[in-house]
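# A closer look at the structure
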Amino acid sequence: MNVLTFPSNEELNEAAAGLLTATLHQKANAVLGLATGSTPIGVYEKLVEFYKKGRVSFQSATTFNLDEYVGLPRDHAESYYTFMNTRLFQHIDLPEANAHIPDGHADDPQQECERYDRMIGQAGGIDVQILGIGHNGHIGFNEPGDTLQSATHLIELHEETRKANARFFASIDEVPTKAITVGLGTIMKSKSILLLARGSDKAEIMRRALRGPIDPQCPASFLQLHPQLIVMTDSEAGRLL
Ligand code: F6R
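Scope of this entry: the structure provided in the associated data block. (Residues numbered from 1 in each chain as written. Predicted model: local features only at pLDDT ≥ 70, side-chain atom pairs only at ≥ 80, totals over all residues. Heavy atoms only, no water.)

### Topic: the nonpolar core
Leu34, Tyr44, Phe58, Met84, Leu88, Leu196 and Met232 are the most contacted members of the largest nonpolar core, which has 31 residues in total. Those elements giving two or more residues to this core turn out to be helix H1 (9–26), strand S2 (31–34), helix H2 (41–52), helix H3 (80–87), strand S6 (128–131), strand S9 (192–197) and strand S10 (229–234). The element that contributes the greatest number of residues to this core is H2, accounting for 6 residues. In this structure methionine 84 touches Leu34, Ala35, Thr36, Tyr44, Asn65, Phe89 and Ile101, once residues within four positions along its chain are discounted. Core analysis: the second largest hydrophobic core is formed by 27 residues, Leu66, Ile187, Leu223 and Val231 among them. (Core = buried A, V, L, I, M, F, W, Y, C linked by side-chain atoms within 4.5 Å. Buried < 20%, exposed > 50% of the residue type's maximum accessible area, 1.4 Å probe, protein only. Helix = DSSP H or I, 4+ residues; strand = E, 2+ residues; numbered from the N terminus. Contact = heavy atoms within 4.5 Å.)

### A look at the packing of H1 against H2
Closest axis-to-axis distance for the H1/H2 pair is 8 Å, and the angle between their directions is 60°. Accordingly, the angle class assigned to the pair H1 and H2 is oblique. Of the two possible hands of crossing, H1 and H2 adopt the one that is right-handed. For the pair formed by H1 and H2, the contact residues are Glu10, Asn13, Glu14, Ala16, Ala17, Gly18, Leu20 and Thr21 on the first element and Gly42, Val43, Lys46, Leu47 and Phe50 on the second. For the contact of H1 with H2, a count of residues per class yields 6 nonpolar, 4 polar and 3 charged. (Axes fitted to C-alpha atoms, helices over the stretch in contact; angles between N-to-C directions. Parallel < 35°, antiparallel > 145°, perpendicular 65-115°, else oblique. Left-handed = near helix turned anticlockwise from the far one by under 90°. Nonpolar A, V, L, I, M, F, W, Y, C, P; charged D, E, K, R; others polar.)

### Focus: the layout of surface pockets
What the largest pocket holds in volume is close to 670 Å³. If you trace the largest pocket, you find 36 residues lining it, with Thr36, Gly37, Ser38, Asn165 and Arg167 closest to the centre. A total of 5 residues in the lining of the largest pocket trace back to one element, the largest contributor, which is H3. Considered class by class, the residues forming the lining of the largest pocket number 13 nonpolar, 15 polar and 8 charged. Taken together, 19 residues line the second largest pocket, and the ones lying closest to its centre are Arg74, Tyr81, Ala99, His100 and Ile101. If you list the elements that add at least two residues to the lining of the second largest pocket, you get H3, strand S5 (99–100) and helix H4 (109–122). (1 Å grid on protein atoms, 1.4 Å probe; cavity = no way out; pocket = protein on both sides within 12 Å on 5 of 7 lines; lining within 4 Å. Points joined across faces, edges and corners; volume = space filled by probe spheres on them.)

### Examining the side chain of threonine 161
Inspection of the secondary structure assignment puts threonine 161 in helix H5 (residues 159–165). Residue classification places threonine 161 among the buried positions, given a relative accessible area of 3%. Beyond its immediate chain neighbours, meaning those up to four positions away, threonine 161 contacts Asn136, His138, Phe141 and Glu143.

### Some points on H3
Residues of H3 that are buried: Tyr80, Thr82, Phe83 and Met84. In this structure, the buried side of H3 is in contact with S2, H2, strand S3 (62–65), strand S4 (67–69) and H5.

### Describing the site of the ligand
Residues in contact with the ligand amount to 14 residues; listed here are only the nearest, Thr39, Asp67, His138, Gly140 and Lys202. The side chain of threonine 36 places a nitrogen or oxygen atom 2.8 Å from an oxygen atom of the ligand. The side chain of arginine 167 places a nitrogen or oxygen atom 3.1 Å from an oxygen atom of the ligand. Applying the majority rule of atoms within 2 Å of the grid points places the ligand in the largest pocket. Of the residues that constitute the shell around the ligand, the class distribution is 3 nonpolar, 8 polar and 3 charged. (Near = heavy atom within 4 Å. Polar contact = N/O pair within 3.5 Å; in protein donor to acceptor, adjacent residues only side chain to side chain. Sits in = over half its atoms within 2 Å of the grid points.)

Now the structure itself:
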């Protein structure tokens, strides 16, 4: 594991976007695993800036997002589909057909999970997976539990996760109760993983995840087993590492 702590958000964004840009320079048709949430927003802004300056192209890249709420219309302001379009996709040259997000409105969510996993496999797997981390140690929406699922699956969001995400909705009642998430096994098969964390409220869970025992009650702790894990934090989130 390679842990890099940055004194400012700007430097963290620059380094993370730089790593993704370098990946695309080495392999123009790289497969990127993308996350939503507040943590990667600055990285996406940097990527847009790099694209506009001609430093990177996504023309041959493919992307797979980690998760999507079940039950929100695709064009809902808080769907991850809308998030990705407004934050990244509509500003870069990634072909629409190459950008994948689980369909939270599929008639048969189980079939959608299987289709999604198959597509990742057919694309050759993920080259670089970007991850944020939940306060309870979730990655994607792989919530803590007695057992963890390997493949893409339908999950019930924990109350803590719904509360954390209620900040984006008018009230907690509007936060969906279910989501589709790429499973831990699929995440762990990524060739490399870039875990991002910012803010003092993430310091303790980062310590548990990276320095504590490997435990399904903290799904991110399994990342310790990944041979190519890069961790980028600001000085607050990395304080206890
Ligand atoms: C989002 C995702 C989640 C978030 C996590 C942290 O696609 O998979 O695991 O990364 O909930 O969210 P933020 O970044 O908002 O603190």
